[in-house]
Every structure is written in structure tokens, then in C-alpha cells.
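Observations on chain architecture
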Amino acid sequence: RGWWLGPILAVALALKNGPALVGYAAGGTGLVMAVMATIATTTKRDFSFMGKFLFVGVIVLMIAMLANMFLQIPALALTISSAVIVVFSLFLLHDLSRIVPGGETNHVMATTGVYLSLLNICDSFLNLLMILTGGTDLPATNGAKDAGGPVFFFEAGAGLPAGPTNADGMSADT
């Protein structure tokens, strides 16, 4: 999973407000963890019934992600990131409700499940923040002007100048 996290962090940190976006994503993830842990420890309800529904939700999300790799629909990217936050927050609740009363005896699997849920939540928070607030803050290079729209992770060459420029920031072709 770190193989995917490195590039998105590099893209996020290249934005002018990148460190703040990473901090907001981490803070949002911590808040989700605190809320789900509070629910898991204070309620007496067994959340194990959600496992099958959440598994189907993950399959649907994977199909949607695969489709959006080809379709490149920005609204679908927003919807997928939002749905990942919801589904993996519920997975976190499901895992924590098994861990808290001592029902989970395999500590490695329990830790891995919580870690992957938190990693997916943080990644999706960062995607949402970059889509909604990070796109207009790309640093201008060589006098290039920002296009003004959101920059999505899959756009090639976003924020880069079209070609070589001279000292005035003009294209070398003109």
C-alpha cells in the first residue's frame, strides 16, 4: 500500500497548500478513528452482521474505480472517494467491535484490518481535499498560468509548462 501512498503524497506536497492538506487528511482520519472507537466501546451492539455487506461494498467500489480509470469522470471520482471513506469507516467499526470485547484472538489480522481501513480512509480524505481545494494552488513554473480548475490525480502533466520557455516565460516556439 505504501507503493501507492508515496506518489499521492508527492503530488499533494507539491501543491502550495499541500502540507496543510496532508494534515487535514490525517486529522480527519484521526477523528473517524476516535468516533468509531467510541461507538465500538460504548454500544453493546454486535456489528459483525455488517461484514458481508461491507465486502460487497468493497467489490462495487473496486469495479467503480476500474471503470473510472477508463471513463475519467470527475464526479465519479468524488463519489468513489466519499464512498471509500464511508465503507472503510464502517469496516473500522466492524473490526473494532470484534477487538474490544476480546472476540478477535488473531492480533496480527486485527491490526492489519484496522491499519488498512485507516490507510484507505486517509488516502481518500487526501484525494477529496486535493480535488476540492488543491487544484488551484499548483505552483506556476516558468511563468505558466494555472488553468483554474481542479487537478485530478490521473491528469497527465497538470500544472506543467507546455514546452521549453525563454527568460520571459514565453514558449520558445513563439
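Structure first, text after, so check above.
Summarised in this report is the structure supplied together with it. Keep in mind it's a predicted model, so treat the numbers as computed, not measured.

Turning to the pattern of salt bridges, a few remarks are in order. Pairing of side chains with opposite charge becomes possible as their charged atoms draw close. Here the structure, examined in full by the defined rule, presents 1 salt bridge. Note that R98 is salt-bridged to D95, the shortest N-O span being 3.4 Å. With R98 and D95 both in helix 4 (residues 74–99), this residue pair falls 3 residues apart, about one helical turn. A relative accessible area of 7% places D95 in the buried class.

Within the largest apolar cluster, 19 residues are counted, with the highest numbers of intra-cluster contacts made by M36, V87, F88, F91, L92, L93 and L96. Listed by contribution, the elements that provide at least two residues to this core are helix 2 (18–42), helix 3 (51–71), helix 4 and helix 5 (107–134). When residues of this core are assigned to their parent elements, the largest contribution, 8 residues, is made by helix 4. Ignoring anything within four residues of it in the chain, the contact list for L93 reads M36, I39, A40, F47 and M50. If you look at the next biggest cluster of nonpolar residues, it comprises 7 residues, including I8, A12, A25 and M130.

Here helix 2 crosses helix 4 at 40°, and the two axes come no closer than 9 Å. For the element pair helix 2 / helix 4, the angle class is oblique. When you trace helix 2 past helix 4, the crossing you get is right-handed. For the pair helix 2 and helix 4, the contacting residues are V32, M33, M36, A37, I39 and A40 in the first and S89, L92, L93, L96 and S97 in the second. Tallied by class, residues from the contact of helix 2 with helix 4 come to 9 nonpolar, 2 polar and no charged.

Phi angles above zero are rare outside glycine, and Q72 is one such case at about 55°. By the secondary structure assignment, Q72 is in the loop between helix 3 and helix 4. Judged by its relative accessible area of 39%, Q72 falls in the partly exposed class.

Reading the values: the criteria
- Residues numbered from 1 in each chain as written.
- Predicted model: local features only at pLDDT ≥ 70, side-chain atom pairs only at ≥ 80, totals over all residues.
- Heavy atoms only, no water.
- Salt bridge = Lys/Arg side-chain N within 4 Å of Asp/Glu carboxyl O.
- Helix = DSSP H or I, 4+ residues; strand = E, 2+ residues; numbered from the N terminus.
- Buried < 20%, exposed > 50% of the residue type's maximum accessible area, 1.4 Å probe, protein only.
- Core = buried A, V, L, I, M, F, W, Y, C linked by side-chain atoms within 4.5 Å.
- Contact = heavy atoms within 4.5 Å.
- Axes fitted to C-alpha atoms, helices over the stretch in contact; angles between N-to-C directions.
- Parallel < 35°, antiparallel > 145°, perpendicular 65-115°, else oblique.
- Left-handed = near helix turned anticlockwise from the far one by under 90°.
- Nonpolar A, V, L, I, M, F, W, Y, C, P; charged D, E, K, R; others polar.

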